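Chain by chain, the residues:
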Amino acid sequence: MRLKIRHATRYRFETPVKYGLQQLRKTPKSTAQQSIRSWRTKVENGRKELSFEDYHHNTTELISFAPGATELSVISEGDIDVTDTGGIVGPHRGPAPLWLYLRDTVHTRIKTGVRSLVRSIGATPDLEGMHRLSAGIREAVTYEIGASEPNWSAEDAIAAGRGVCQDHTHIFLACAREMQMPARYVSGYLMLDDTTAQDAMHAWAEAHVDGLGWVGFDVSNGISPDTRYVRVATGLDYAEASPVSGTRIGGTGETLEVQIDVAQQ
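Remember, predicted model here, so these are calculated numbers, not experimental data.

### Notes on the state of the cysteines
Here's step 1: Tallying each qualifying case throughout the model produces zero disulfides.
Here's step 2: Just so you know, cysteine 165 is unpaired, no disulfide at all, and the nearest cysteine sulfur is the one on cysteine 175, 17 Å from it.

Next comes the structure, spelled out in structure tokens:
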């Protein structure tokens, strides 16, 4: 399947930005499951300083603000060919060692809630067990738009009993790592069934399964990724795979507008 993607981010400020830098992770990965036919990033009131690949194989672009800017627009778009592999990504490839994906983070800290959830689900460290884990998390933590805070951890979402795709993914990572299964966060694009317009990227998890390698699990939708999914960035949690991160001096009174369109060609 060929997907056409357009991701526009626009910032407006009440006062001028004196200095600002952003890291963008919006460029899809080139893998056996997906091929980039075309991709470009256009910046208005700023410029691309450099592009590099981090230790998770994420294409990262460094964007600077034009001095005195009161607006910044970043538009990333292109065409991607996607093949259905049943969610199987395949063998682990460096430079990050596989054991790194057993490490917990602020968002995936393993505490009482995670341990209790693992015990109640009864998942095992294998493919069937990871599917059972995904289903168990979805049942225990209701998907609810706007129900969580951006800085919530897996424990916070478990305690609340609700969350969004980011929360479901953090819970899966924490539970899998508690079971000594390497797991990582994935941010990307998802073509929806009823609309092409979206206001945020999607998130899901991948666990490293013996004999298969990395396998994807979308807890929020209860499936493994298919041809509607485009992998963009991976990391230990949202912080390492977020589409935008950065810093600035000045630029108070920020307003943000995000428009994402994903459609089949």
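### Some remarks on unusual backbone geometry
Here's step 1: The omega torsion across glycine 94 and proline 95 is 10 degrees, close enough to zero to call that bond cis.
Here's step 2: Looking at where proline 95 falls in the secondary structure, it is placed in the loop between strand 6 (88-90) and helix 1 (112-121).
Here's step 3: Here the phi dihedral of glutamine 180 falls at roughly 65 degrees; this positive angle occurs in a residue that is not glycine.
Here's step 4: Checked against the element boundaries, glutamine 180 lands in the loop between helix 4 (165-178) and strand 9 (183-190).
Here's step 5: Given the relative accessible area of 55%, glutamine 180 is considered exposed.

### Quick notes on the side chain of histidine 168
Here's step 1: Relative to the assigned elements, histidine 168 resides in helix 4.
Here's step 2: With relative accessibility at 0%, the residue histidine 168 sits in the buried group.
Here's step 3: Filtering out sequence-adjacent residues up to four positions away, histidine 168 remains in contact with Ile137, Val141, Thr142, Tyr143, Val219 and Ser220.

### Focus: the nonpolar core
A general feature of soluble globular proteins is that nonpolar side chains tend to end up buried together.
Here's step 1: Counting 46 residues, the largest nonpolar core has Val114, Met130, Leu133, Ile137, Ile171, Phe172 and Tyr189 as the members making the most contacts within it.
Here's step 2: Among the elements that take part in this core, helix 4 stands out by supplying seven residues, more than any other.
Here's step 3: Non-local contacts of isoleucine 171, meaning those with residues more than four positions away in its chain, are made with Leu117, Ile137, Val141, Ala154, Ala157 and Ile158.
Here's step 4: Core analysis: the next-biggest nonpolar cluster, separate from the first, contains nine residues, Tyr11, Val43, Phe65 and Val74 among them.

### Side note on empty space enclosed by the protein
Here's step 1: Across all of its chains, the model carries one cavity of 30 Å³ or more by this definition.
Here's step 2: Taken as a whole, the largest cavity spans an internal volume of roughly 130 Å³.
Here's step 3: What lines the largest cavity is a set of 13 residues, among which Gln33, Thr85, Pro225, Asp226 and Arg231 lie closest to the centre.
Here's step 4: If you list the elements that add at least two residues to the lining of the largest cavity, you get strand 6 and strand 13 (229-235).
Here's step 5: The class makeup of the residues in the lining of the largest cavity is six nonpolar, five polar and two charged.

### Things to note about the environment of alanine 159
Here's step 1: Checked against the element boundaries, alanine 159 lands in helix 3 (residues 154-160).
Here's step 2: When its relative accessible area of 68% is taken as the criterion, alanine 159 is described as exposed.
Here's step 3: Spatially, the C-alpha atom of alanine 159 lies 34 Å from that of glycine 90, the residues being 69 residues apart in sequence.

### Thoughts on the pattern of salt bridges
Here's step 1: Applying the stated criterion to the full structure yields 16 salt bridges.
Here's step 2: Aspartate 193 is paired through a salt bridge with arginine 228; the nearest N and O atoms lie 3.4 Å apart. Here aspartate 193 is found in the loop between strand 9 and strand 10 (197-198), whereas its partner arginine 228 is found in the loop between strand 12 (213-217) and strand 13, with 35 residues between them in sequence.
Here's step 3: In this structure, a network of salt bridges that share partners links the residues Arg2, Arg37 and Asp81.

### Concerning the packing of aromatic side chains
Here's step 1: According to the stated counting rule, one finds seven aromatic pairs in the structure shown.
Here's step 2: For the ring pair tryptophan 204 and tyrosine 229, a centre distance of 5.1 Å and an interplane angle of 90 degrees mean the geometry is edge-to-face. Pair noted here: tryptophan 204 is in strand 11 (residues 202-209) and tyrosine 229 is in strand 13, with a separation of 25 residues, a long-range link.
Here's step 3: Linked through ring pairs, Tyr11, Phe13 and Phe65 together constitute an aromatic cluster.

### So, the layout of surface pockets
Here's step 1: Computed from the structure, the largest pocket encloses a volume of approximately 1,200 Å³.
Here's step 2: If you trace the largest pocket, you find 38 residues lining it, with Cys165, Asp199, Ala200, Met201 and His202 closest to the centre.
Here's step 3: For the lining of the largest pocket, the elements supplying multiple residues, two or more each, are strand 1 (2-24), helix 4, strand 9, strand 11 and strand 15 (255-264).
Here's step 4: Among the residues forming the lining of the largest pocket, the class breakdown is 21 nonpolar, 10 polar and seven charged.
Here's step 5: Each pocket or cavity is described by its volume, and for the second largest pocket that value is around 420 Å³.
Here's step 6: Lining the second largest pocket are 25 residues, and of these Ser30, Thr31, His57, Arg93 and Arg231 sit closest to its centre.
Here's step 7: Partitioned by chemical class, the residues of the lining of the second largest pocket number nine nonpolar, 11 polar and five charged.

Parameters at a glance
- Residues numbered from 1 in each chain as written.
- Predicted model: local features only at pLDDT ≥ 70, side-chain atom pairs only at ≥ 80, totals over all residues.
- Heavy atoms only, no water.
- Disulfide = S-S within 2.5 Å.
- Helix = DSSP H or I, 4+ residues; strand = E, 2+ residues; numbered from the N terminus.
- Buried < 20%, exposed > 50% of the residue type's maximum accessible area, 1.4 Å probe, protein only.
- Contact = heavy atoms within 4.5 Å.
- Core = buried A, V, L, I, M, F, W, Y, C linked by side-chain atoms within 4.5 Å.
- 1 Å grid on protein atoms, 1.4 Å probe; cavity = no way out; pocket = protein on both sides within 12 Å on 5 of 7 lines; lining within 4 Å.
- Points joined across faces, edges and corners; volume = space filled by probe spheres on them.
- Nonpolar A, V, L, I, M, F, W, Y, C, P; charged D, E, K, R; others polar.
- Salt bridge = Lys/Arg side-chain N within 4 Å of Asp/Glu carboxyl O.
- Phe/Tyr/Trp six-rings, centres within 6.5 Å; stacked < 30°, edge-to-face > 60°.

Nothing here speaks to function; it is geometry throughout.
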